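# Residue-level structural notes
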Amino acid sequence: MKRFIKYTLLLLFLSSALHTYTIAQDEEPKDIYLEFSTWKYNDNSRSLIAKATSDNDEGEYPVEGLTFQFLALTNDGDTLLGEAASGAQGIAELNITDGSIEFPMDEDGYIHFIARFPGNDAYYEAEEELMIKDVSISISFEENEDEKLIYFQGTIHGPEGDIPLADDDLYFFIPRMFSDMKIADGWFEEDGTGYVEFPEKLIGDSLGNVKVMARLVDHYDYGNVEVKDVIDWAVPRVLIQAEGPARELWTPIAPLWMIITLIIMLTGVWGHYIYAIIQLVKIKKSKSQ
C-alpha cells in the first residue's frame with residue numbers, strides 16, 4: 001500500500017512538472033514582424049508608421065498594445081523622436097508636427113529613421129530601419145484657354161543643396177465615399193516640373209470646391225509624400241441634385257450596382273453565419289436526445 005501511494009505521488013509530481021513545462025513552452029516570447037513607412041505633408045510635418053504583426057497556428061495577426069520608439073540616427077548615436085503604441089490594426093504612428101525640424105542626413109542625402117520595440121514577456125524585441133531622401137512637392141492651378149491644368153514641382157533636399165526631383169511619377173487623387181479616386185498620372189521632367197489636365201465633370205461641394213491630392217507613393221528613395229489643395233473647378237453638387245441624383249464612380253453618391261453588390265455580399269456572409277449557428281444548435285439537440 002505504501003509503495004502504491006509512493007508511485008502515485010511520483011506520477012502526480014511528474015505530471016505536474018510536465019504541465020508546467022508545457023505552459024512555459026507555450027508562453028515563450030513570439031517574433032514580431034515590422035513594416036516601417038513614412039509620410040511627409042504640405043507643412044513639412046511627417047508621420048512615422050510601424051505596423052507590427054506576429055503569427056500563431058491560425059496564421060498572421062496584428063499585435064495591439066506594443067509601445068514603439070521612433071528614432072533618428074545621427075553621427076552621435078540615436079536621437080529619440082517619440083513613442084507610440086500600436087492599435088487594433090497593429091499600427092503605431094508618431095506624428096511630428098513641427099515642420100521646422102531638420103533631420104540629419106548622411107553624405108548621400110539619406111535620413112535614417114528607426115522603429116524599435118524593446119521586447120517584453122510576450123514578444124521578442126524588433127527593430128526596422130528606414131532610409132529616405134527629403135523631398136518637397138508643390139502644386140498650383142492655372143486655366144489656359146479651354147484647359148484647366150495642374151502644375152507641379154518637386155525638389156530633393158541634400159547636404160550640398162537642392163536639386164530637381166526628376167523622372168518619377170506623381171499621382172493625383174480626390175476624396176470619395178469609400179476611398180480616394182485617382183484622377184491623373186503625372187511625370188516629373190528633368191527640371192523637376194510637370195503638369196496634368198484637370199478632368200471635366202468632377203463633382204465637388206455646393207460651391208464646386210474639390211480637394212486635390214498629389215502623392216508620391218511607396219517610393220524606394222522618398223517614401224510617401226502628399227500635398228493637397230482646394231480648387232473650385234468641380235461641378236457644384238446642387239446642380240446635380242437639381243437635375244436628379246447622379247450615381248457614378250466619381251460622384252459622392254455610390255452607384256446603385258455597387259451598393260446592391262455590397263448588400264448581396266454581406267447578406268451571403270451573414271446568411272452563412274446564421275446557417276452554421278442553426279446547424280450547431282440542431283447537432284447539440286440531437287446529441288442531448
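Before any of the text, the structure's been laid out above.
Before going into details, it helps to say that this report is about the structure given with it. (Residues numbered from 1 in each chain as written. Predicted model: local features only at pLDDT ≥ 70, side-chain atom pairs only at ≥ 80, totals over all residues. Heavy atoms only, no water.)

### A look at the overall build of the protein chain
Formally: Helix numbering and strand numbering both begin at the N terminus, where a helix is a DSSP run of H or I of at least 4 residues and a strand a DSSP run of E of at least 2. Think of it in three bands: with a 1.4 Å probe and only protein chains considered, a residue is buried below 20% of the maximum accessible area for its type, exposed above 50%, and partly exposed in between. Contacts: residue pairs with any heavy atoms within 4.5 Å of one another. Under the convention used here, a 1.4 Å probe and the Shrake-Rupley method define accessible areas, while residue burial counts only the protein chains that appear.
Secondary structure assignment for the protein chain yields 3 helices and 15 strands. When burial is assessed residue by residue, the protein chain has 33% of its 289 residues classed as buried. Across the protein chain, contacts joining residues at least 24 apart in sequence account for 53% of those joining residues at least 6 apart. On the protein chain, roughly 19000 Å² of surface is accessible, and the fraction owed to carbon and sulfur atoms is 54%.

### Focus: the pairing of strand E1 (residues 33–40)
To keep it simple, the criterion reads: When DSSP finds at least two bridges between two strands, those strands are taken to pair.
Of the strand pairs in this sheet, E1 and strand E2 (residues 46–56) are connected by 8 bridges, and their pairing is antiparallel. Bridge pairing in E2 links Lys40 to Arg46. Between the end of E1 and the start of E2, which pair antiparallel, lie 5 residues, with Asn44 showing a positive phi angle near 70°. As defined by bridge partners, E1 adjoins strand E15 (residues 223–231) across 2 bridges and the pair is classed as parallel. Bridge pairing in E15 links Lys40 to Val225.

### Observations regarding the nonpolar core
Just so we agree on the cut-off: Residues grouped as a nonpolar core are buried Ala, Val, Leu, Ile, Met, Phe, Trp, Tyr and Cys residues, joined through side-chain atoms within 4.5 Å.
Core analysis: the biggest nonpolar cluster contains 28 residues, and Ile139, Ile150, Leu170, Phe172, Phe198, Val212 and Leu216 have the highest contact counts within it. Residues in contact with Ile150, not counting those within four places in the same chain, are Ile139, Ser140, Phe141, Phe172, Gly194, Tyr195, Val196, Phe198 and Val212. Membership of the second largest hydrophobic core comes to 25 residues, among which are Leu34, Phe68, Phe70 and Ala115.

### Topic: the pairing of strand E7 (residues 110–117)
Here E7 lies mainly inside the structure; 7 of its 8 residues are buried. Across 4 bridges, the pairing between strand E4 (residues 67–74) and E7 is antiparallel. The residue of E7 that forms the bridge with Leu71 is Ile114. Sheet analysis places E7 next to strand E8 (residues 126–144), joined by 8 bridges and oriented antiparallel. When the sheet's bridge partners are listed, Ile114 is paired in E8 with Glu129.

### Overview of the pattern of salt bridges
Our working rule: We define a salt bridge as a side-chain nitrogen of Lys or Arg found within 4 Å of a carboxyl oxygen belonging to Asp or Glu.
Counted according to the given criterion, the structure contains 7 salt bridges. The closest approach of N and O atoms between Asp134 and Arg46, which form a salt bridge, is 3.3 Å. Note that Asp134 is positioned in strand E8 and Arg46 in strand E2, a separation of 88 residues in sequence. A salt bridge links Glu127 to Arg116, with the shortest nitrogen-to-oxygen separation between them at 2.6 Å. Here Glu127 is found in strand E8, whereas its partner Arg116 is found in strand E7, with 11 residues between them in sequence. Its relative accessible area of 46% is what places Glu127 among the partly exposed residues. Among the charged side chains, a salt-bridge network with shared partners connects Lys40, Arg46 and Asp134.

### Examining a negative patch on the surface
Defined as follows: Here the term patch refers to residues with relative accessible area over 30% and no salt bridge, with like charges joined within 9 Å and nonpolar side chains (Val, Leu, Ile, Met, Phe, Trp, Tyr) within 5 Å. Counting rule for charge: Lys and Arg are taken as positive, Asp and Glu as negative, and neither His nor the chain ends is counted. Here the site of a charge means NZ on Lys, CZ on Arg, CG on Asp, or CD on Glu.
On the surface, Glu28, Asp31, Glu35, Asp55 and Glu60 cluster together to form a negatively charged patch. Position of Asp31 relative to the elements: it lies in the loop between helix H1 (2–26) and E1.

### Thoughts on the packing of aromatic side chains
Selection rule: Only the six-membered ring of Trp is used, alongside the rings of Phe and Tyr, when aromatic pairs are assigned; centres must lie within 6.5 Å, and planes under 30 degrees apart are stacked while those over 60 apart are edge-to-face, with the rest tilted.
By the definition in use, this model includes 10 aromatic pairs. Between Tyr151 and Tyr195 the ring centres are 5.6 Å apart and the planes differ by 45°, which places this aromatic pair in the tilted class. Placement of Tyr151 in strand E9 (residues 147–158) and of Tyr195 in strand E13 (residues 193–197) is noted, with a sequence separation of 44 residues between them. Taking relative accessible area as the criterion, Tyr151 reaches 27% and is therefore assigned partly exposed.

### Digging into a nonpolar patch on the surface
A cluster of nonpolar side chains, Met177, Phe178, Leu262, Leu266, Val269, Trp270, Tyr273, Ile274 and Ile278, forms an exposed patch at the surface whose accessible area comes to about 940 Å². Note that Phe178 resides in the loop between strand E11 (169–175) and strand E12 (180–187). Since its relative accessible area comes to 53%, Phe178 is described here as exposed.

### Re unusual backbone geometry
Despite not being glycine, Glu145 shows a phi value in the positive range, around 55°. By the secondary structure assignment, Glu145 is in the loop between E8 and E9. Positive phi outside glycine occurs at Lys201, with the angle close to 65°. Mapped onto the fold, Lys201 is located in the loop between E13 and strand E14 (210–219). Since its relative accessible area comes to 64%, Lys201 is described here as exposed.

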